[in-house]
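Summary of structural features
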Amino acid sequence: MSDDPEPTPESDPKHIDPAGDLADAVESGDLDLSLADDQDAEDLRAFVDAAERGELGPVDPGLEAQVRIARALLDDMEGDR
C-alpha cells in the first residue's frame, strides 16, 4: 500500500479547469468537432508540432487543452480516410 495521495480526477468538481474539461469531452467523443471548410489540417499539425517544440511559450493548462483538442481533431480526420 502506497502513502502517495490519490491523483485528482480530471472530472473532480472542486478542480476548475474549463479548457481541460472541454478537451476531455472532445477526446471522449462527447463533443463532436470538425475543421471548417476553410481550415487546413496541415496548419493544425504545424500548431501541434510548434507547441510540442516549445515555440508557443511555456505550457499552461490552456495550451495543453488546445493541443489535446487539435490532436483529437487530427485523429478523427485520419480515421475518416
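Now for a quick tour of the structure. These numbers come from a predicted model, not from an experiment.

This part covers the pattern of salt bridges. Within the structure shown, the criterion is met by 6 salt bridges. Among the salt bridges present, the one from R68 reaches D24, with a minimum N-O distance of 2.4 Å. Here R68, found in helix α3 (residues 61-79), pairs with D24, found in helix α1 (residues 18-28); they are 44 residues apart in sequence, far enough to count as distant. Its relative accessible area of 15% is what places R68 among the buried residues. We classify D24 as partly exposed; its relative accessible area is 23%. Here R45 and E78 are joined by a salt bridge, their closest N and O atoms 3.5 Å apart. Residue R45 is located in helix α2 (residues 41-52), and its partner E78 is located in helix α3; the two are separated by 33 residues in the primary sequence. Assessed through its relative accessible area of 41%, E78 is described here as partly exposed. Residues joined in a network through salt bridges with shared partners are D24, E27 and R68.

This part covers the packing of α1 against α3. Orientation of α1 relative to α3, taken along the N-to-C sense of each, is 10°, at an axis distance of 8 Å. Comparing the axis directions of α1 and α3 gives the class roughly parallel. Side by side, α1 and α3 meet where A19, G20, L22, A23, D24, V26 and E27 of the first sit next to P61, G62, A65, R68, I69 and A72 of the second. Each residue belonging to the contact of α1 with α3 can be placed in one class, and the counts come to 8 nonpolar, 2 polar and 3 charged.

Looking now at the environment of D17. Topologically, D17 is positioned in the segment before α1. The spatial distance from the C-alpha of D17 to the C-alpha of A65 is 9.6 Å, given a sequence separation of 48 residues. Among the polar contacts made by the side chain of D17, one reaches the main-chain amide nitrogen of G20 at a distance of 3.1 Å.

Reading guide: rules and limits
Residues numbered from 1 in each chain as written. Predicted model: local features only at pLDDT ≥ 70, side-chain atom pairs only at ≥ 80, totals over all residues. Heavy atoms only, no water. Salt bridge = Lys/Arg side-chain N within 4 Å of Asp/Glu carboxyl O. Helix = DSSP H or I, 4+ residues; strand = E, 2+ residues; numbered from the N terminus. Buried < 20%, exposed > 50% of the residue type's maximum accessible area, 1.4 Å probe, protein only. Axes fitted to C-alpha atoms, helices over the stretch in contact; angles between N-to-C directions. Parallel < 35°, antiparallel > 145°, perpendicular 65-115°, else oblique. Contact = heavy atoms within 4.5 Å. Nonpolar A, V, L, I, M, F, W, Y, C, P; charged D, E, K, R; others polar. Polar contact = N/O pair within 3.5 Å; in protein donor to acceptor, adjacent residues only side chain to side chain.

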